[in-house]
Amino acid sequence: MATSVPSVLLLPVPTCTDMLVSPVEGGDLLHCKPHFDHHPNVWGDYFLTFSPCTPSMLLNMKRKAHVSEEQVRRMILECSSGPNLHVKLELIDTLERLCIDYHYEKEIENVLRRVHEEEDDTDNHYDLHTTALRFYLLRKHGYYASPDVFQRFRDEEGNFTCDDNNNGTRSMLSLYNAAHLRIHGEEILDDAIVFTRNYLQSVVKHLQSPMADEVCSALRTPLFRRPRRVEARHYISVYDKLPTRNETILEFAKLDFGILQSLYCEELNILTMWWKELQLQDHLSFARDRMVEMHFWMLGVLFEPQYSYGRTMLTKLFIFVSIFDDIYDNYSTLEESKLFTEAIERWDEEAAEELPGYMKFFYKKVLTTMKSIETDLKLQGNKHVDYVKNLLIDATRCYYNEVKWRSEGADQAAATVEEHLKISVPSSCCMHVPVYAFVAMGNDVTTDDAINWGMAYPKIITSSCIVGRLVNDIASHEREQGSSSSSSTVEACMREHGGITKEEAYAKLRELVEESWMDIAGECLRPAAAQPPPLLEAVVNATRVLDFLYKDDQDAYTHPSSLKDTIHSIYILSV
C-alpha cells in the first residue's frame, strides 16, 4: 500500500519571497573552493551549423503538411458523426501519441465532450480495450469517468480478465495505462496496476515488435507520464509498423515532426550564439554547461510552434537558474550566497561591485539578458513582463534559504520527509518552470491571477514539485554523499523510519511520488480544476520531463551522455 500523503501536499508552500533572508552570523565562512566534476558539454557548437533540412525542403514539407492536415481534419469530422465509439477513441489516441493533436484541439474536444455526455459505459458492454481507452482519454482531458466500469472484467478471485483472447495483451496494456490516471481512494485501479504490471512482465519476453516495444515502454513509463515529443518520436516508428496504420495520418505526423524539428534546431542555433557571446564558461567553469539539454527540458513543457520565443526565453532563464543551483549548492560560501542574493534583490549594476569576482561578471550578464527578454515581451504586448524578474529573484531566495538552513544544521534535524519538503520543495525551483511557461504563453491564455495562483503553490504545483524533488534526490543521492549539499529527503526518510536502508527509503519515496501523481490527476478533473486546461497541461508537462530526466535513478541533466541518443532522435534524426 502507498504511504499516506504528507500534509505538505495539502497546505500551500510559502513562496520564498515570504521567507526573510536573515544576516549571516559569524562573518564570512571562507573556505577552499571545491573541485566540481561538471561533466563537459557533449554538443559544443554543433547547432551553429547543423540544420535538418534546406529552406526549399522545409517549404515543400509545409506545403504537403497543409494538405495532409486538412485531410486528417475531415477524418475527424466524419468519424465524430459516426456511431462507432472504438473508431473515435482509436483515432484520437493515435493523433495524440503522434503529437499532431494540437492542430485539432477544438475537434477533439467536441468528440470527447459528446462521448462523455452521451456514452455511459456502465450501461454498455464494450471490450476491455475500448473501455480502458475511453476511461484514459476522458480522464486525460479532465472529464471524470468512473472506475466502476472495470468491475465487470474481474473474476471471483479479483483477477482482471479479457473477453478477447486474441488481443489480451493489448487490453491489459490499455488497462495498465488507464489505471495510472487514478485518484486517491480508487482501489480497483490500484489493484489493476498491480495485476496488469505482473501480467505484462510475464508476457513481454514472448512478444514480437511492435507490441514488445509498446509493453517495454509502458513498464518503464506509463503513457500519461511520457514527454510529448519523446513519445511522438517513439510512436511514429511504432505506428509505421502497424498493419492498421492510416497512411495519410502517418505522412502528416512525419511531415509535422520534420517541420518542428527544423524550428527547434533554429532555436538552438540562436541559443548557441547567445551562449557563446556570454562567455560564462570562462568565469564559471564549475557550472554545468547544458544549453542543449535545457532546451530539451523546456521543449517538454511547451512544444507547440507558436511558443518558439517562449522556449528560447525559458531556456535562457533556466540556464541561469541552473548556474544559480551550482553556485549555491556546490561552490559559494554562505557569505557569498548572501551577497549574491542581496544583489539580485537590488537588481542594479552597482550591486555587482560588492560581489566576488566570479559572481560579478555573471551578475551583469543576468541583468543584461533579463532586460533584453523584458524588452522582447513588451514588444509582443505581453502583460506579464514584471513576473520575469520577480520569479528569478524568488529563485535565488529559495536557494539561499536552503543554504542557510543547511548551514544551521536544520536539514539534519528534519525528523520527517514532510519537514524536509517544506524547504526543499521551493528550492527545487519546480514551481518556477510552469509559472514561467504561463508567462510565455501570453495574454490569450494567461492572466495575472493565474500566475499568482501558480506562485502560491496550489496543490497541483506542489505535487509536481514533490515529484521533481524526490526523483532528483533519489537519482543524486549516491553522487552527493559527503558533499555540502548531501542532505536530502532520502536521509530524512531514513531518520523518520528508524534508520532503514537507503533502498528501503527509495521505495518509500517512490510511493510518495505515486501519491503525488494521483493528486495531479485529481486536480485536472473538471469542473473543480482551478485553471484552464492549457495551464494545467503545462504543469503536467513539466512533471513529465522531471520524471524522464531522473528516470531509473539517473540524473540525465548532470550526466548528459545518457540524454544524447534522445536529443539526437528529436533534433537531428529524420523520421
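Residues numbered from 1 in each chain as written. Predicted model: local features only at pLDDT ≥ 70, side-chain atom pairs only at ≥ 80, totals over all residues. Heavy atoms only, no water.

Within an unreviewed UniProt entry, the label attached to the chain reads Terpene synthase, and the organism entered is Oryza glaberrima.

Student: Can you help me understand the overall build of the chain in this one?
Tutor: The helix and strand tally for the chain stands at 24 helices and 0 strands. Taking 25 Å as the expected radius of gyration for a compact globule of 575 residues, we find that the chain reaches 24 Å, a close match to that expectation. Reported as C-alpha extents along the three principal axes, the dimensions of the chain are approximately 75 × 65 × 45 Å. Across the 575 residues in the chain, those meeting the buried criterion constitute 58%. Relative to all contacts within the chain whose residues are 6 or more apart in sequence, the contacts with residues 24 or more apart total 76%. When the accessible surface of the chain is summed, it comes to about 23,700 Å², and 50% of that surface belongs to carbon and sulfur atoms. (Helix = DSSP H or I, 4+ residues; strand = E, 2+ residues; numbered from the N terminus. Rg over C-alpha atoms; globule rule 2.2 N^0.38 Å. Buried < 20%, exposed > 50% of the residue type's maximum accessible area, 1.4 Å probe, protein only. Contact = heavy atoms within 4.5 Å. Areas by Shrake-Rupley, 256 points an atom, 1.4 Å probe, with all protein chains shown as cover.)

Student: In this structure, what is going on with the nonpolar core? I would like to understand it.
Tutor: A general feature of soluble globular proteins is that nonpolar side chains tend to end up buried together. Counting residues in each nonpolar core, the largest one holds 191 residues, and the members touching the most others are F150, F362 and Y571. Sorting elements by how many residues they give to this core places helix α10 (residues 247-278) first, with 16 residues. Two domains each donate at least three residues to this core, and these are domain 1 (54-249) and domain 2 (278-570). Setting aside its immediate chain neighbours within four residues, F362 contacts L280, L284, F320, I323, F324, I327 and F340. (Core = buried A, V, L, I, M, F, W, Y, C linked by side-chain atoms within 4.5 Å. Domains from an automatic or database assignment.)

Student: Quick question: what am I supposed to make of the domain arrangement of the chain here?
Tutor: By domain assignment, the chain separates into domain 1 (54-249) and domain 2 (278-570). The straight-line distance from the C-alpha centre of domain 1 to that of domain 2 is 31 Å. Between domain 1 and domain 2, a total of about 2,400 Å² is buried, with carbon and sulfur atoms accounting for 61% of that surface. The interface formed by domain 1 and domain 2 contains 4 salt bridges. Between D552 and R220 there is a salt bridge, with the nearest N and O atoms lying 3.0 Å from each other. The tally of links from domain 1 across to domain 2 stands at 13 residue pairs in polar contact (both at pLDDT 80 or more). Per element, the largest residue contribution to the side of domain 1 that touches domain 2 is 4 residues, and it comes from helix α9 (residues 228-239). Its residues placed into classes, the side of domain 1 that touches domain 2 shows 9 nonpolar, 5 polar and 10 charged. (Buried area = accessible area lost by both parts, 1.4 Å probe. Salt bridge = Lys/Arg side-chain N within 4 Å of Asp/Glu carboxyl O. Polar contact = N/O pair within 3.5 Å; in protein donor to acceptor, adjacent residues only side chain to side chain. Nonpolar A, V, L, I, M, F, W, Y, C, P; charged D, E, K, R; others polar.)

Student: I would appreciate a short explanation of the pattern of salt bridges in the present structure.
Tutor: Pairing is possible between side chains of opposite charge, provided their charged atoms come close. As enumerated under the stated definition, the model contains 34 salt bridges in all. Two residues, E186 and R139, come together in a salt bridge whose shortest N-O distance is 2.6 Å. Note that E186 is positioned in the loop between α6 (168-179) and α7 (187-203) and R139 in helix α5 (residues 128-140), a separation of 47 residues in sequence. According to the relative accessible area criterion, E186 is buried, its value standing at 7%. Residues R469 and D473 are paired through a salt bridge, measuring 3.1 Å at the closest nitrogen-oxygen approach. Residue R469 and its partner D473 are both found in helix α20 (residues 459-476); the two are separated by 4 residues, about one turn of the helix.

Student: What am I meant to see in helix α19 (residues 448-455) here?
Tutor: Along an α-helix, a turn takes 3.6 residues, which lines up residues three or four apart on a common side. Among the residues of α19, A450, I451, W453, G454 and M455 are the ones counted as buried. Tucked inside the fold, the buried residues of α19 contact α15 (386-407), α18 (432-441), α20 and α23 (533-549).

Student: Quick question: what am I supposed to make of the packing of α10 against helix α12 (residues 308-331) here?
Tutor: Angle between the axes and distance between the axes are the two parameters that describe a pair of packed helices. Taken N-terminus to C-terminus, the directions of α10 and α12 make an angle of 40°; their axes are 10 Å apart at the nearest point. Taken together, the axes of α10 and α12 are oblique relative to one another. Along this stretch, α10 crosses α12, giving a crossing that reads as right-handed. Between α10, through L263, Y264, E267, L271, W274, W275 and L278, and α12, the contact on the second element is made entirely by S308, R311, T312, T315, K316, I319, F320 and I323. Looking at side-chain class alone, the contact of α10 with α12 contains 9 nonpolar, 3 polar and 3 charged residues. (Axes fitted to C-alpha atoms, helices over the stretch in contact; angles between N-to-C directions. Parallel < 35°, antiparallel > 145°, perpendicular 65-115°, else oblique. Left-handed = near helix turned anticlockwise from the far one by under 90°.)

Student: What am I meant to see in the packing of α18 against α19 here?
Tutor: Axis separation between α18 and α19 bottoms out at 9 Å; the angle between their running directions is 170°. Taken together, the axes of α18 and α19 are roughly antiparallel relative to one another. Facing V435, F438 and V439 of α18, the residues of α19 in contact are A450, I451, W453, G454 and M455. Of the residues that constitute the contact of α18 with α19, the class distribution is 7 nonpolar, 1 polar and no charged.

Student: So what exactly am I meant to see when it comes to the packing of aromatic side chains here?
Tutor: A complete count under the given rule lists 29 aromatic pairs for this structure. Look at W274 and W275: their rings are 6.0 Å apart centre to centre, the planes differ by 40°, and that puts the pair in the tilted class. Residues W274 and W275 agree in their burial class; the two are buried. Relative to Y363, the ring of F340 lies with its centre 6.4 Å away and its plane at 80°, an arrangement referred to as edge-to-face. Remark: Y363 occurs in helix α14 (residues 357-379) and F340 occurs in helix α13 (residues 334-346); sequence separation between them is 23 residues. Given a relative accessible area of 0%, F340 falls into the buried group. (Phe/Tyr/Trp six-rings, centres within 6.5 Å; stacked < 30°, edge-to-face > 60°.)

Student: Got a minute to help me understand the state of the cysteines in this structure?
Tutor: Under the counting rule described, the total for this entry stands at 0 disulfides. Distance from the sulfur of C79, which forms no disulfide, to the nearest cysteine sulfur (C99) is 20 Å. The structure places no disulfide on C429, whose sulfur is separated from the nearest cysteine sulfur, that of C398, by 5.5 Å. By relative accessible area, which is 2% here, C429 ends up buried. (Disulfide = S-S within 2.5 Å.)

Student: Help me understand the environment of H420, please; the structure alone is not making it clear to me.
Tutor: Mapping H420 onto the fold places it in helix α17 (residues 417-424). Judged by relative accessible area, H420 falls into the buried class, the value being 1%. As a C-alpha pair, H420 and S237 span 183 residues in sequence and 43 Å in three-dimensional space.

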